[in-house]
Amino acid sequence: MPTRSCQTAVGDIEGASITTIEGVSGKIGETVQAVWAEFDVPQCGYCQSGQIMSAVALLTETRKPTDDDIDSAMSGNLCRCATYHRIRAAIHETANRLET
Ligand code: FES
């Protein structure tokens, strides 16, 4: 479950298992990161950790997300560089690669 670290008190997650961007792994995580790089998704990069964590969570739950699924899952992640079209394309491409 993607969670904003800036809005989460340490006391609320005591004993929980936490994965940060550095710990993203497995087929979905690695495919997302590879496609992100191929599609040159990041611009300044500031928002990208959150974008990737949300994309991995979405693709873990929904293997073939629609545009509406993507917009809903990614809606809390603002990108001041407006990389939304590349993010959406990268998520669709990741979904396609995970199918094969
Ligand atoms: S890449 Fe710059 S804020 Fe998203």
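Scroll up to find the structure.
The structure displayed is predicted, hence computed values, not measured ones. All chains use their own residue numbering, which begins from 1 and follows the written sequence. The predicted nature of this model means local features are confined to residues of pLDDT at least 70 and side-chain atom pairs, given and counted, to a pLDDT of 80 or more, with totals for whole chains, interfaces and linings taken over all residues. Water and hydrogen atoms were dropped before computing side-chain values, which therefore reflect all heavy atoms in the structure.

A. Local environment of the overall build of the chain. A tally of helices and strands in the chain yields four helices and zero strands. Starting at the N terminus, helices and strands are each numbered in turn, a helix being any DSSP run of H or I of at least four residues and a strand any DSSP run of E of at least two. When the helices and strands of the chain are read in sequence order from the N terminus, they spell out α-α-α-α. Over its C-alpha atoms the chain spans a radius of gyration of 13 Å, differing by no more than 12% from the 13 Å that the globule rule assigns to 100 residues. Taken along its principal axes, the extent of the C-alpha atoms in the chain is 40 × 30 × 25 Å. Think of it in three bands: with a 1.4 Å probe and only protein chains considered, a residue is buried below 20% of the maximum accessible area for its type, exposed above 50%, and partly exposed in between. In the chain, buried positions account for 29% of the 100 residues. When contacts within the chain are restricted to residue pairs at least 6 apart in sequence, long-range pairs at least 24 apart make up 69% of them. Accessible areas in this description were obtained via Shrake-Rupley with a 1.4 Å probe; residue shielding takes into account the shown protein chains only. Taken as a whole, the chain presents about 6500 Å² of accessible surface, with 51% of it coming from carbon and sulfur. Charge centroids of the chain, computed over 8 positive and 13 negative side chains, lie 5 Å from each other. Computation of the radius of gyration draws on C-alpha atoms, with the globule rule given as 2.2 Å multiplied by the number of residues to the power 0.38. Only heavy atoms matter for contacts: two residues are in contact if any of them lie within 4.5 Å across the pair. Charge assignment: positive for Lys and Arg, negative for Asp and Glu; neither His nor the chain ends contribute. Taken as the charge centre is NZ of Lys, CZ of Arg, CG of Asp or CD of Glu, depending on the residue.

B. Main features of helix α4 (residues 84–99). Its 16 residues give α4 an end-to-end C-alpha distance of 23 Å, which sits within 8% of 22 Å, the value for a rise of 1.5 Å per residue. Considered for burial, the residues of α4 that qualify are I87, A90, I91, T94, A95 and L98. All buried residues of α4 project into a common sector of 140° when viewed along the axis, lining one side. In α4, the exposed residues that point more than 90 degrees away from the buried face are H85 and E99. One less than the number of residues in a helix, times 1.5 Å, gives the span that helix is expected to have. Directions pointing from the helix axis toward each C-beta atom define the arc.

C. A look at the pattern of salt bridges. When a carboxyl oxygen of Asp or Glu lies within 4 Å of a side-chain nitrogen of Lys or Arg, that pair is called a salt bridge. Using the criterion set out here, one finds five salt bridges in the structure. Across the pair E99 and K64 runs a salt bridge, and its minimum N-O distance is 3.8 Å. Remark: K64 occurs in the loop between α2 (48–61) and α3 (67–74) and E99 occurs in helix α4; sequence separation between them is 35 residues. For K64, a relative accessible area of 45% translates into the label partly exposed. The residue D67 makes a salt bridge to R88 at a minimum N-O spacing of 3.5 Å. With D67 in helix α3 and R88 in helix α4, this residue pair connects regions lying 21 residues apart in the sequence. Looking at D67, the relative accessible area reads 34%, which means it is partly exposed. Residue R88 is classed as partly exposed on the basis of its relative accessible area, which comes to 26%.

D. Focus on the side chain of N77. Secondary-structure assignment places N77 in the loop between α3 and α4. On the basis of relative accessible area, N77 is assigned to the buried category, the value being 15%. We call two N or O atoms a polar contact when they sit within 3.5 Å, provided that within protein one can donate a hydrogen and the other can accept it, with sequence-adjacent residues counted only if both atoms are side-chain atoms. Side-chain polar atoms of N77 contact the side chain of S54, separated by 2.8 Å. For N77, the contacting residues outside a window of four places in its chain are R4, G50, Q51, S54 and Y84.

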